[in-house]
Amino acid sequence: MCGALRLADAGKKAVLMGWVNRRRDLGQIIFVDLRDRTGVAQVVFSAELSATVHEKAEQLRNEFVIAALGTVKKRDADTINPNIPTGEVELVVDELRILNVSKQPPFLPSDTMLANEEMRLKYRYIDLRRDAMQFNIALRHKVAIAIRDYLSSQGFFEIETPFMTRSTPEGARDYLVPSRVQPGSFYALPQSPQLFKQILMISGFDKYFQIVRCFRDEDLRADRQPEFTQIDLEMSYPQPERVWETVEGFLAAAFKAAGHEIKINFPRMDYDDAMRQYGIDKPDLRLPALTDVRDCFTSEELQTLAINQDLPVLAIRTPKVGELSRKERDDIKPLFVSKGGARVFEDFKRIENKHPEAAAKIREKVRANATFEIHQKTAGDQDDLIVLVVGSAQSSADKDAHPASKRKVTPAEMAIYASAGLLRVALAQKYADRHGIFKKTGNPAQDYRFLWVTNFPMFEYDEADKRWMAAHHPFTSPHEEDMDKLETDPAMVRALAYDVVLNGTELGSGSIRIHRQDIQSRIFHALGMTDEESKSRFGFFLEALEYGTPPHGGIALGLDRIVMILAGAESLREVIPFPKTAAAKDLMMEAPTPVADAQLRDLGIGIVTKK
């Protein structure tokens, strides 16, 4: 392989095959950098040694595919290239075979300036030749192998589940596949293997996993694709801790395969605590927590500032930002997304000038709230950016305004926490280059902070439909002590659900499942399903639960997201060989496309144009 040549190979005969990465014609000598997926080697064509071979080499252009046969030679001291592993040697060519020619590509794999993404996706086969993409795909392979090896060593069976199944919508739209032999009926591509893996537990395969493709017809963004890969697993008889131990084990193996050591026994945090401390259910622990500083103000000061005295007053501290200009302070306002009447005080200097005692108390309180050592060292410094998120005097703090108000965090409070949580992350991203805590993912010195978020709400209220929806999915088990609230007080029901989070990114979600048919039926009823609807959609599964189903639970993590973080990429498209665009198009294959009328007739399908 091109990247394998070393000084120890000097004097040996060798054959290298690959693409012409670069060509330098110096007249009597032609140098070619030959590239394959292992690296680059310099090959030399000398007119003095072979005029025929040299003449043939004059035909070479970028991306020609060639085979070069010759002798490995140590380079002269002044021509050694210390920037590549093969830089001490070169191949002096005796025979050249041009295996294929190439048109001039729209961009070159060796280009230092990237083509625009649309061009890269249209010519993906060229883009995938780039070093960065070769690295990302190799990294994906290493991570997947490490996960497979670990789970296999723990007694898990990798079992494939069907891609063509029945439609059981779980939130996102299904991709549907029409059946030719059953006219008018459709298969669905699975959003997850959820029911199949639960049925595998009923079948006696007590430890299952699969690195599996899943499909969701939903709007895309940087961390979403219509088809994606997840690490799916299920276990019989687990407490949540057993699932967490397994996940931590294979994540440690995956990160080690990528050259990173991580500490297991991830910290755990209750959902309500995550919302109160970070304003989000996937906290980035590299950043300081939110601090409620309402008690730092007097009632008169709160009234003067038109701040609701019955709602939290949250301080966001972004360390080591330094002095901001007026324009930079003004730039904070567009970052703020108000949830339910929350508003922002972006200019803390004004509070320090008008209410110095309150400002001093705030700085002292955020210092005391610094959880991690790295935060404690800087907490309260004048270089810290402090921004306040508050409820306006006009916003309602009525605890009975909504059915969900019986949760520990009321809807009015949640609006303040959620607004502050979004701004906290936005500020860190905006000022990432001005302090050393919020580091870019993929940095070799990356501070990986994992977290388990637990005890999610079982249900969430849908204002549009005026009904309760499953917050996770309808097969998640409630806490046993909350069972009596299913029909009477669904807002207070906690789920045995958990998410694993890394630096503000949700890597995966899981839960202990319902294993009793009577409880599963109660959950369907709580979600507003009639007996007939439950039987129509999930009758096969309800029946399976009646045949001795063991307790079971599991989780699914996004492989694409894990590799994206390890590669330091900004988008999933950088770690998926053949991704779709944000409009769910494959630019290279030009898919999706219309199909022939004959195909539609075979399927009994007619196309109706939307008006």
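What you see is a predicted model, and the numbers here were worked out from it, not measured in a lab.

## Let's talk about helix α16 (residues 559–567)
No. 1: Burial runs high along α16: eight of the nine residues are buried.
No. 2: Buried within α16 we find Leu559, Asp560, Arg561, Ile562, Val563, Met564, Ile565 and Leu566.
No. 3: Gly568 lies just past α16 and shows a positive phi near 70°.

## As for the pairing of strand β4 (residues 65–74)
No. 1: Examined bridge by bridge, strand β1 (residues 13–25) and β4 share seven bridges and lie antiparallel to one another. Its bridge partner lying in β4, Val15 is registered against Leu69.

## Side note on the environment of Ser46
No. 1: Within the secondary structure, Ser46 is located in strand β3 (residues 39–46).
No. 2: Between the C-alpha atom of Ser46 and that of Pro283, which follows or precedes it by 237 residues, the distance is 61 Å.
No. 3: In contact with Ser46, not counting residues within four places along its chain, are Gln28 and His54.

## Structural notes on the pattern of salt bridges
No. 1: This model, assessed by the stated rule, comprises 39 salt bridges.
No. 2: Residue Asp273 pairs with Arg276 through a salt bridge whose shortest N-O separation is 3.0 Å. Here Asp273 and its partner Arg276 are both found in helix α7 (residues 271–278), three residues apart, which amounts to about one turn of the helix.
No. 3: Two residues, Glu346 and Lys333, come together in a salt bridge whose shortest N-O distance is 3.7 Å. Taken as a pair, Glu346 in the loop between β14 (342–345) and α10 (348–354) and Lys333 in the loop between α9 (326–332) and β14 lie far apart in primary sequence, 13 residues in all.

## Notes on helix α5 (residues 194–202)
No. 1: Burial runs high along α5: seven of the nine residues are buried.
No. 2: The complete set of buried residues in α5 reads Gln194, Leu195, Lys197, Gln198, Leu200, Met201 and Ile202.
No. 3: The first or second residue beyond α5 is Gly204, which carries a positive phi of 100°.

## A look at the packing of aromatic side chains
No. 1: The final tally for this structure, using the stated rule, is 15 aromatic pairs.
No. 2: Considering the side-chain rings of Tyr271 and Phe456, the 5.3 Å spacing of their centres and the 40° angle between planes classify their relative orientation as tilted. Taken together, the residues span a long stretch of sequence, with Tyr271 in helix α7 and Phe456 in the loop between β16 (450–454) and β17 (459–462) at a distance of 185 residues.
No. 3: Here the aromatic residues Phe255, Phe266, Tyr448 and Phe450 are joined through ring pairs into a cluster of three or more.
No. 4: Lying across the ring of Tyr123, Lys122 places its NZ or CZ 5.8 Å from the centre.

## What about the sheet that holds β4?
No. 1: Taking strand neighbours around the barrel as the criterion, the five strands line up as β1-β2-β3-β5-β4 in a closed arrangement whose pairing is mixed. Averaged over all adjacent pairs, the angle separating strand axes in this sheet is 55°, with direction ignored.

## Considering empty space enclosed by the protein
No. 1: Scanning the model with the defined rule gives two cavities of 30 Å³ or more in all.
No. 2: Roughly 180 Å³ of volume is contained in the largest cavity.
No. 3: In terms of lining residues, the largest cavity is bounded by 14 residues, among which Gly322, Phe348, Lys349, Asp384 and Leu385 are the most central.
No. 4: When residues of the lining of the largest cavity are traced back to their parent elements, those giving at least two are α10 and β15 (385–391).
No. 5: The element that contributes the greatest number of residues to the lining of the largest cavity is α10, accounting for three residues.
No. 6: When grouped by side-chain class, the residues that make up the lining of the largest cavity number four nonpolar, two polar and eight charged.
No. 7: Of the pockets and cavities examined, the second largest cavity occupies roughly 40 Å³.
No. 8: Around the second largest cavity sit Leu121, Arg124, Phe578, Pro579, Asp586 and Met588, which together line it.
No. 9: The residue inventory of the lining of the second largest cavity, partitioned by class, reads four nonpolar, no polar and two charged.

## Focus: the packing of helix α14 (residues 517–526) against helix α15 (residues 531–544)
No. 1: Remark: α14 packs on α15, axes separated minimally by 11 Å, with the N-to-C direction vectors making an angle of 145°. Of the two elements, α14 crosses α15, and the hand of that crossing is right-handed. For the pair α14 and α15, the contacting residues are Gln517, Gln520, Ser521, Phe524 and His525 in the first and Asp531, Ser534, Phe538, Phe541 and Leu542 in the second.
No. 2: In the contact of α14 with α15, the residues fall into four nonpolar, five polar and one charged.

## Points about a nonpolar patch on the surface
No. 1: Together, Val15, Met17 and Leu99 make up a nonpolar patch on the protein surface, roughly 290 Å² of accessible area in all.
No. 2: For Met17, the location among the structural elements is in strand β1.

## A word on the nonpolar core
No. 1: Core analysis: the biggest nonpolar cluster contains 40 residues, and Leu251 and Leu557 have the highest contact counts within it.
No. 2: Top contributing element to this core by residue count: helix α6 (residues 240–257), with seven residues.
No. 3: Residues contacting Leu251, with those up to four places away along its chain left out, are Ile262, Phe266, Phe450, Val500, Leu507, Leu557 and Ile562.
No. 4: Counting residues in each nonpolar core, the second largest holds 26 residues, with Ala274, Ala289, Met458 and Leu527 among its members.

What counts and what doesn't
Residues numbered from 1 in each chain as written. Predicted model: local features only at pLDDT ≥ 70, side-chain atom pairs only at ≥ 80, totals over all residues. Heavy atoms only, no water. Buried < 20%, exposed > 50% of the residue type's maximum accessible area, 1.4 Å probe, protein only. Helix = DSSP H or I, 4+ residues; strand = E, 2+ residues; numbered from the N terminus. Pairing = 2+ DSSP bridges. Contact = heavy atoms within 4.5 Å. Salt bridge = Lys/Arg side-chain N within 4 Å of Asp/Glu carboxyl O. Phe/Tyr/Trp six-rings, centres within 6.5 Å; stacked < 30°, edge-to-face > 60°. Lys NZ or Arg CZ within 6 Å of the ring centre and 35° of its normal. Axes fitted to C-alpha atoms, helices over the stretch in contact; angles between N-to-C directions. 1 Å grid on protein atoms, 1.4 Å probe; cavity = no way out; pocket = protein on both sides within 12 Å on 5 of 7 lines; lining within 4 Å. Points joined across faces, edges and corners; volume = space filled by probe spheres on them. Nonpolar A, V, L, I, M, F, W, Y, C, P; charged D, E, K, R; others polar. Left-handed = near helix turned anticlockwise from the far one by under 90°. Patch = residues over 30% accessible without salt bridge, like charges linked within 9 Å, V, L, I, M, F, W, Y side chains within 5 Å. Areas by Shrake-Rupley, 256 points an atom, 1.4 Å probe, with all protein chains shown as cover. Core = buried A, V, L, I, M, F, W, Y, C linked by side-chain atoms within 4.5 Å.

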